[in-house]
Amino acid sequence: MRINGWFHKFNVHIGCLLAAGWLAAASLSAQEIVELPGEDRWLDADFEEVFRIGSLMGEEWEQFGDVQRVMFDGAGRLYVFDDQAERIFVVGADGALIREIGRKGEGPGEFRNPADVVALEDGRVVVADMGHRAYHIFDANGDFERMVRFGGDPTYTVIGPHMAQRGTDGLVTSAEGQRVAISVRSVAGAEPSERPDPTTRPIERVDLSGEEIVKDTIAEGWLPASADPTSGVSRSAGGASFSFGGTSGPPEFSPDLYWGVLPDGTVAFSDSSTYAVRIAAAETGVVRILTRPFPPEPVTDRFVRAERDRRLKELADTPDDELDGPRIVLNGELVTIGAEDLRKSRREDIEDLRFFTEVPVIRDLRTGWNGMIWVRRRGEEPDSDGPIDVLDVAGRYVGSYRLGATEIPDAFGPDGLVAFIEEDELEVQTVVVKRVPREVN
């Protein structure tokens, strides 16, 4: 099973935003609000298939165990990060293997616990390694170049997904929202230093030019009350402490944080229950908000009962060996949590669920190579998918794909290239590369 969770509350009532301390009045006047049409224009999803890799009968390298991330560089080469193999496979335009990057080990350029991988436009590769608490940087030939330390508190590390900031040596990341953050307590018996309760969900630029990273905030997403994803019910196993979601996490249906990096280094993100896509630049903040007239739906008692029942049934139907637990590394070793503890804690969490007041409109957001923004809307049921909208950063509505016509690509590349991670009924993973019209990439 994939354990990636992986590679919003904007309210147009300005008074609410000011009350939350989220924006200053001076910055509001600089924000352009673009109202996009409410009528859908349906697009054709008949994409050209370029190649596919991944098969139990294929070459040894493409017998994937757990593909967590796929990405392209500026030359259209595909990079596949297989977490189980702890390798990055670089694939050419014909689907043939060019090289492999990385291996398990203790030295520089060797992985202790690779958590995320980013391919830069020029072909360099950056690997966030939780075991080393550092980023490995490999050159365009796949050779190890240098290591940049995480810094900060060594007893506790939380990171999230990364994207390249094209034309720079920097990455963009957020430790909250969109995918499950990965946490590590790396010193046996050590308690992490006291951390202040978060008040926002920052999207940050990570500067890799020095020996230790430097972070700058690009945008600060709205954070629902009591929404610290690292808090919850404490447990211990093998000398490591860990947390489940618990009642101190965000209420169900709370707006998540979805974001993507645009070619000019700005960020598109959604942090609201309304249909609002914000465009933010470093040192400037939010400069544009793209909206469509789809209101959030109020959460009713029927929603609450149905969601609790659905989760309890899903838990009961899940075999022990398929229960996903928190990913914990103690002194470089992965700690496994027992199924009985996982199941008991999940049942308690479901019974104690709290619910947000509205069901958010937006369920996912990603950005294309040329600056298009793909937005997944909710479906008819509270926890169901709906159509996918394609917008551009200037505020043009390109069109929408009907539910089931396509998924949002897992990676976007030059010349219309996109990649999808697919999994069949036997859980065999395949990476499919297609070419989409330029107008949507």
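As a reminder, the structure under discussion sits directly above these lines.
Just so it is clear, the model here is predicted, and its values are computed rather than measured.

Some thoughts on the sheet that holds strand β28 (residues 372–378)
Move 1: The antiparallel open sheet is built from four strands, whose spatial order is β27-β28-β29-β30. Two strands bound the open sheet, and with one partner strand each, they are β27 (362–367) and β30 (397–401). Neighbour to neighbour, the strand axes of the sheet diverge by 20° on average, direction disregarded.

Observations regarding a negative patch on the surface
Move 1: A grouping of D321, E322, E423, D424, E425 and E427 is seen on the molecular surface, where their side chains present a negatively charged patch.
Move 2: If you trace the backbone, E322 turns up in the loop between α3 (301–317) and β24 (328–330).

Looking at the environment of R292
Move 1: Structurally, R292 can be placed in the loop between β22 (285–291) and β23 (297–298).
Move 2: Sequence-wise, R292 and V34 are 258 residues apart; in three dimensions their C-alpha atoms are separated by 8.7 Å.
Move 3: In contact with R292, other than residues within four places in its own chain, are L36, P37, G38, E39, D40, Y275, R377, D389, Y397 and S400.
Move 4: Polar contacts involving the side chain of R292 include one to the main-chain carbonyl oxygen of G38, which spans 3.4 Å.
Move 5: Within the local environment of R292, its side chain forms a polar contact with the side chain of D389, the two groups lying 3.0 Å apart.

A short note on the packing of aromatic side chains
Move 1: This structure, assessed with the given rule, holds 12 aromatic pairs.
Move 2: Between W61 and F89 the ring centres are 5.8 Å apart and the planes differ by 45°, which places this aromatic pair in the tilted class. Of this pair, W61 sits in the loop between β2 (48–53) and β3 (67–72) while F89 is found in strand β5 (residues 87–91), placing the two residues 28 residues apart along the sequence. The burial state of W61 is the same as that of F89; both residues are buried.
Move 3: Pairing W374 with Y401 gives two aromatic rings, centres 5.4 Å apart and planes at 25°, and the pair type is stacked. Placement of W374 in strand β28 and of Y401 in strand β30 is noted, with a sequence separation of 27 residues between them. You'll find W374 and Y401 in the same group, each marked buried.
Move 4: Feature note: the residues F47, W374, Y401 and F412 constitute an aromatic cluster, connected by ring pairs.
Move 5: Here the basic side chain of R292 rests over the ring of Y397, its NZ or CZ set 4.2 Å away from the ring centre.
Move 6: Directly above the ring of F420 sits K434, whose terminal nitrogen or CZ lies 5.6 Å from the centroid.

Looking at the sheet that holds strand β15 (residues 200–207)
Move 1: The strand order across the open sheet formed by four strands is β12-β13-β15-β16, and the pairing between neighbours is antiparallel. In this open sheet, the two strands that pair with only one neighbour each are β12 (162–164) and β16 (214–222). Averaged over all neighbouring strand pairs, the angle between strand axes comes to 25°, with direction disregarded.

Brief notes about the pairing of strand β8 (residues 125–129)
Move 1: In terms of burial, β8 is a largely internal element, five of the five residues being buried.
Move 2: Where burial is concerned, the two faces of β8 agree: the one with V125, V127 and D129 and the one with V126 and A128 are both buried.
Move 3: Relative to β8, strand β7 (residues 114–119) runs antiparallel, the two sharing five bridges. Counterpart to A119 in the pairing with β8 is V125.
Move 4: Inspection of the sheet shows β8 paired to strand β9 (residues 134–138) by five bridges, in the antiparallel sense. Counterpart to V127 in the pairing with β9 is H136.
Move 5: Linking β8 to β9, which pair antiparallel, is a turn of four residues; within it R133 sits at a positive phi near 50°.

Conventions we followed
- Residues numbered from 1 in each chain as written.
- Predicted model: local features only at pLDDT ≥ 70, side-chain atom pairs only at ≥ 80, totals over all residues.
- Heavy atoms only, no water.
- Pairing = 2+ DSSP bridges.
- Helix = DSSP H or I, 4+ residues; strand = E, 2+ residues; numbered from the N terminus.
- Axes fitted to C-alpha atoms, helices over the stretch in contact; angles between N-to-C directions.
- Patch = residues over 30% accessible without salt bridge, like charges linked within 9 Å, V, L, I, M, F, W, Y side chains within 5 Å.
- Areas by Shrake-Rupley, 256 points an atom, 1.4 Å probe, with all protein chains shown as cover.
- Salt bridge = Lys/Arg side-chain N within 4 Å of Asp/Glu carboxyl O.
- Lys, Arg positive; Asp, Glu negative; His and termini not counted.
- Charge placed at Lys NZ, Arg CZ, Asp CG, Glu CD.
- Contact = heavy atoms within 4.5 Å.
- Polar contact = N/O pair within 3.5 Å; in protein donor to acceptor, adjacent residues only side chain to side chain.
- Phe/Tyr/Trp six-rings, centres within 6.5 Å; stacked < 30°, edge-to-face > 60°.
- Buried < 20%, exposed > 50% of the residue type's maximum accessible area, 1.4 Å probe, protein only.
- Lys NZ or Arg CZ within 6 Å of the ring centre and 35° of its normal.

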